[in-house]
Amino acid sequence: MEREFTVGIGGAAGDGLDKSGDTLAKGVSRLGLYVYAYNSYQSIIRGGHIWLRVRIGEKKVHSHGDHLNLLIALNQDTVERHAREVEPGGAVLYNSDRFTCETSLLRDGVVGLPLPVNEITKPFGRLLPIMQNTVALGAVMFLARFDFDSTAGVLGDTFKHKGQAVVDQNVKIMKAGYDYAREHFVPLIKDAWNFSRVRRPFATGNELFALGAATAGCKFYSAYPMTPASSILHWMASHGEKCGVVVKQCEDELAVVNMAIGAGHAGVRAMCGTSGGGFALMTEGIGMAGMLEAPVVVIEVQRGGPSTGIPTKTEQGDLNQVFGASQGDFPRVIIAPTETADCFWTAVEAFNLAEKYQLPVLIISDLLLSEHPETIEADALRHDVAIERGELVTEWPKTNGPYRRYANTPSGVSPRALPGTEGTEYVAATDEHDEEGILISDVFTSPPVRRKIMERRMKKVELALQELEPPKLEGPADAPVTLIGWGSSKGVIGEARALLAAEGVRANQLHIKYLHPFHTREVKSILEKSKMLIGIEGNYTGQFARFLRAETGISVHASILKYDGEPFEPRLIAEEVKRIVARKPASLDVTLEEAREMAYHYIRTHLADAARPVKIELTDGNSHGEPVWRVEIRDRESGKKQGDLEIGIQTGAVYTWQPVFATTAGA
């Protein structure tokens, strides 16, 4: 059986978690292992809590999983939040010079491994606090039996711009951590890894959106920085000059989309990117692209909403917005890529569709897919992609008569001429127009002309559908359970199916990539044969399930929905499927672990983060109308009880904080 190992790294913003995680991931990736990383971070520069998971396997892993073998704690808060997640046989590695790891916080079979960082780094003189990460990284190399030299090579690549002295210092400090662990600890795994040493790309979805666009001939990219789409702009800004892409950071998203449409209208392949709030501003422009029949690619990367919402958390809550972008009926294509490598090919395909059918193509991603890095196969990407620009009018002799930009052709695709082509002058207006571009919205209004122009435009939707690959059922065709998903959840649903199969529950999977136009006939044919349909979405209302019913008349029997800002994990999906199959009711009650996290939230916001929850018990018979979790809060330093917190099990309401010095409970 192929080995897996998951490392969690926790600390505050500014502690350098991302760099440590990146170094670890790239180091093991160079050994031929597969990596999937996910960073749960906050939109602050310093402080708060950052939580990074790096899942490593000898075979491909498709999510960050639901196991934890080793925790690297960079502060006390991380120990208290995540030490309980480490599974038996695992360990918590921590800087014993700065904080402690009490055994009461650990599950049976889990050990705390203190790293006296000051002692280990004393030979190197005075160092920045962030160097504790490098010491811990060295210890991980020993504990997980990874190859030291491979990770040392990553450090060399990372710091070479600072000079060899800095590289040597980082490698020596990591070696000191490795040597200390070898002398004082025992490896957490027994047998050596099977290192194939096959080098694979390690990339995020946003990086591959940008790379795919550049490969497909994109020559203009516009954006206003907005998490989690910003890293597309970062990549373009860093590589645009070399790749021949004009990159424009605009003053707002209205300018962003209008510039991209203008560039597409002028004849270059153009793309822009944003998140939900920025896309809301773009929607009128997208309608303009539909009316002008100007090719443009727009990437919308979802985060938690509405409004500003949770800018650094993931969600699949913008589907309704993307479907409803702009008013009226007009042809467009909406694509939801399903995995990291697919982001590259989706960008390539989007440009071909946009130009062949002269319409806007909307790519809907989310924070998880766009920002998590993972290893992909080297042959998953190609430099020699097919570029299909559609028919272009390069000359228009006078003998052809007047140029009809919006001619009513049998296919629905009209002859496109780039601005400046002799003899092809026309008006490109947002008002409805006839074949020549003459406005029919005022003096020359004509109902039959409007009807035929609309029918001609909309023909392109069916034409585009013919070249989009229909979804296929994965797994045993006769399985009694069909799991339906879209976008980024494909891999985690697949892993959940494997868990279910091991526990005797047979399930197959239908995953949707092309949202509009929709393969109604093919999807309906597949789902009509299924016995139990379960929709899986990262939103509250089951937006895709409603769309599925509208398109096919088929309703899911149940939904598994997640809207707390964090991505699905395989075990959660598997347990929910088993509950649904057993016809047990769903529970929205606050769990014990959720009560602990809510208590930490209260401590951070009301008690200056100087305490911690210790004892949690369920109580009833109170005046709140529901059972409550009573959480005992103690001071972190002295261990003295500070008071009790009561949290409603059904509502999640914080009812009372009862400090020990008070005689009566306060509100």
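For the structure itself, look to the data block above.
Below you will find a few notes about this structure. Values in this document were obtained by computation on a predicted structure and should not be read as measured data.

1. Observations concerning the overall build of the protein chain
Then, in step 1: Across its full length, the protein chain holds 19 helices and 26 strands.
Then, in step 2: A compact globule built from 667 residues should have a C-alpha radius of gyration of about 26 Å, and the protein chain, at 28 Å, falls within 12% of that.
Then, in step 3: Overall, the protein chain is about 90 × 65 × 50 Å in size when its C-alpha atoms are taken along their principal axes.
Then, in step 4: The buried share among the 667 residues of the protein chain stands at 55%.
Then, in step 5: When contacts within the protein chain are restricted to residue pairs at least 6 apart in sequence, those whose partners lie at least 24 apart make up 69%.
Then, in step 6: Looking at the protein chain as shown, the accessible area adds up to about 29,200 Å², and 52% of this sits on carbon and sulfur atoms.
Then, in step 7: Counting 72 positive and 84 negative side-chain charges, the protein chain places the centres of these two groups 3 Å from one another.

2. Things to note about the sheet that holds strand 23 (residues 611-619)
Then, in step 1: Judged by pairing direction, the sheet is antiparallel, and its 4 strands sit side by side in the order 23-24-25-26 without closing on themselves. Each of the sheet's edge strands pairs with one partner strand only, and the pair in question is strand 23 and strand 26 (654-659). With direction set aside, neighbouring strand axes in the sheet form an average angle of 20°.
Then, in step 2: Pairing between strand 25 (residues 641-648) and strand 26: 5 bridges, direction antiparallel. Counted as the bridge partner of leucine 645 is tryptophan 657 from strand 26.
Then, in step 3: Sheet strands touched by helix 19 (residues 592-606): strand 23, strand 24 (628-635), strand 25 and strand 26. Its angle to strand 23, the strand with the most contacts, is close to 140°.

3. Notes on the packing of aromatic side chains
Then, in step 1: Per the stated rule, a full pass over the model turns up 16 aromatic pairs.
Then, in step 2: Aromatic pair tyrosine 406 and tyrosine 426: ring centres 5.9 Å apart, planes at 85°, arrangement edge-to-face. One end of the pair, tyrosine 406, is in the loop between strand 15 (392-393) and strand 16 (416-417); the other, tyrosine 426, is in the loop between strand 16 and helix 14 (447-465), and 20 residues separate them in sequence.
Then, in step 3: Judged by its relative accessible area of 0%, tyrosine 406 is buried.
Then, in step 4: Judged by its relative accessible area of 22%, tyrosine 426 is partly exposed.

4. Digging into helix 8 (residues 230-243)
Every α-helix winds through 3.6 residues per turn, so residues three or four apart in the chain are directed the same way.
Then, in step 1: With 14 residues, helix 8 should cover 20 Å at 1.5 Å per step; its first-to-last C-alpha distance of 19 Å lies within 8% of that length.
Then, in step 2: At alanine 237, helix 8 is deflected by roughly 40°, the largest bend along its length.
Then, in step 3: Three or more residues of helix 8 are buried, namely Ser230, Ile232, Leu233, Trp235, Met236 and Gly240.
Then, in step 4: Packed against the buried residues of helix 8 are helix 7 (205-215), strand 8 (218-223), strand 9 (246-249), strand 10 (269-275) and strand 11 (296-302).
Then, in step 5: Just downstream of helix 8 lies glycine 244, where phi reads positive at about 75°.

5. Remarks on the side chain of threonine 78
Then, in step 1: Relative to the assigned elements, threonine 78 resides in helix 2 (residues 76-82).
Then, in step 2: Exposure remark for threonine 78: the relative accessible area of 0% places this residue in the buried category.
Then, in step 3: In this structure the side chain of threonine 78 is engaged in a polar contact, spanning 2.7 Å, whose partner is the side chain of asparagine 75.
Then, in step 4: Ignoring any residue separated from it by four or fewer positions in sequence, one finds threonine 78 in contact with Gly10, Gly11, His49, Leu71, Ile72, Ala73 and Ala83.

6. Points about the sheet that holds strand 20 (residues 514-516)
Then, in step 1: The 7 strands are arranged 9-8-10-11-13-12-20 in an open sheet whose pairing can be described as mixed. What marks the edges here is a single partner per strand, and that holds for strand 9 and strand 20. Averaged over all pairs of adjacent strands, the angle between their axes in this sheet comes to 20°, without regard to strand direction.
Then, in step 2: Two strands pair when backbone bridges link them, and strand 11 and strand 13 (residues 360-366) are joined in this way by 7 bridges, in the parallel orientation. Across the sheet, residue valine 297 finds its bridge partner in strand 13, namely valine 361.
Then, in step 3: The strands that helix 10 (residues 276-292) touches are strand 10, strand 11 and strand 13; relative to strand 10, the one it contacts most, it runs at about 145°.

7. Examining the pattern of salt bridges
A side chain with one charge can pair with a side chain of the opposite charge if their charged atoms come near.
Then, in step 1: Using the criterion set out here, one finds 48 salt bridges in the structure.
Then, in step 2: Residues glutamate 355 and arginine 389 are paired through a salt bridge, measuring 2.7 Å at the closest nitrogen-oxygen approach. Here glutamate 355, found in helix 12 (residues 340-357), pairs with arginine 389, found in the loop between strand 14 (373-375) and strand 15; they are 34 residues apart in sequence, far enough to count as distant.
Then, in step 3: The exposure class assigned to arginine 389 is partly exposed, which follows from its relative accessible area of 30%.
Then, in step 4: The closest approach of N and O atoms between aspartate 478 and arginine 506, which form a salt bridge, is 2.5 Å. With aspartate 478 in the loop between strand 17 (473-474) and strand 18 (481-486) and arginine 506 in the loop between helix 15 (490-502) and strand 19 (507-512), the pair connects residues that are 28 residues apart, well separated along the chain.
Then, in step 5: Judged by relative accessible area, aspartate 478 falls into the exposed class, the value being 51%.
Then, in step 6: What makes arginine 506 partly exposed here is its relative accessible area of 39%.
Then, in step 7: Connected through salt bridges with shared partners, the residues Asp77, Glu80, Arg81, Glu102, Glu597, Arg604, Asp609, Arg612 and Arg636 form a single ionic network.

8. Some words on the environment of alanine 380
Then, in step 1: Along the chain, alanine 380 falls in the loop between strand 14 and strand 15.
Then, in step 2: Taking C-alpha positions, alanine 380 is 35 Å from proline 306, a pair spaced 74 residues apart along the chain.
Then, in step 3: Apart from residues lying up to four places away in sequence, alanine 380 is in contact with Ala341 and Trp345.

9. Section: the pairing of strand 2 (residues 34-40)
Then, in step 1: Among the 7 residues of strand 2, 6 are classified as buried, and the element is accordingly described as predominantly covered.
Then, in step 2: Across 7 bridges, strand 2 lies against strand 3 (residues 47-57) in antiparallel orientation. Following the sheet pairing, asparagine 39 is matched in strand 3 by leucine 52.
Then, in step 3: Where strand 2 folds back on strand 3, the antiparallel hairpin that results is connected by 6 residues.

10. As for helix 9 (residues 253-266)
Then, in step 1: Between the first and last C-alpha of helix 9 there are 20 Å, a value that for 14 residues agrees with the 20 Å anticipated at 1.5 Å per step.
Then, in step 2: Buried residues of helix 9: Glu253, Ala255, Val256, Val257, Ala260, Ile261, Ala263 and Gly264, and no others.
Then, in step 3: Of the surrounding secondary structure, the elements contacted by the buried residues of helix 9 are strand 8, strand 10, helix 10, strand 11 and strand 16.
Then, in step 4: Residue glycine 267 follows helix 9 closely and has a positive phi angle near 120°.

11. Focus: the state of the cysteines
Then, in step 1: Overall, the coordinates contain 0 disulfides when judged by the stated rule.
Then, in step 2: Not part of a disulfide, cysteine 218 finds its nearest cysteine sulfur in cysteine 243, a span of 9.8 Å.
Then, in step 3: We classify cysteine 218 as buried; its relative accessible area is 0%.
Then, in step 4: We note that cysteine 272 lacks a disulfide partner, and the nearest cysteine sulfur, in cysteine 250, lies 8.8 Å from it.

Conventions we followed
Residues numbered from 1 in each chain as written. Predicted model: local features only at pLDDT ≥ 70, side-chain atom pairs only at ≥ 80, totals over all residues. Heavy atoms only, no water. Helix = DSSP H or I, 4+ residues; strand = E, 2+ residues; numbered from the N terminus. Rg over C-alpha atoms; globule rule 2.2 N^0.38 Å. Buried < 20%, exposed > 50% of the residue type's maximum accessible area, 1.4 Å probe, protein only. Contact = heavy atoms within 4.5 Å. Areas by Shrake-Rupley, 256 points an atom, 1.4 Å probe, with all protein chains shown as cover. Lys, Arg positive; Asp, Glu negative; His and termini not counted. Charge placed at Lys NZ, Arg CZ, Asp CG, Glu CD. Pairing = 2+ DSSP bridges. Axes fitted to C-alpha atoms, helices over the stretch in contact; angles between N-to-C directions. Phe/Tyr/Trp six-rings, centres within 6.5 Å; stacked < 30°, edge-to-face > 60°. Expected span 1.5 Å × (residues − 1). Bend = angle between axes of the 7 residues up to and from the residue. Polar contact = N/O pair within 3.5 Å; in protein donor to acceptor, adjacent residues only side chain to side chain. Salt bridge = Lys/Arg side-chain N within 4 Å of Asp/Glu carboxyl O. Disulfide = S-S within 2.5 Å.

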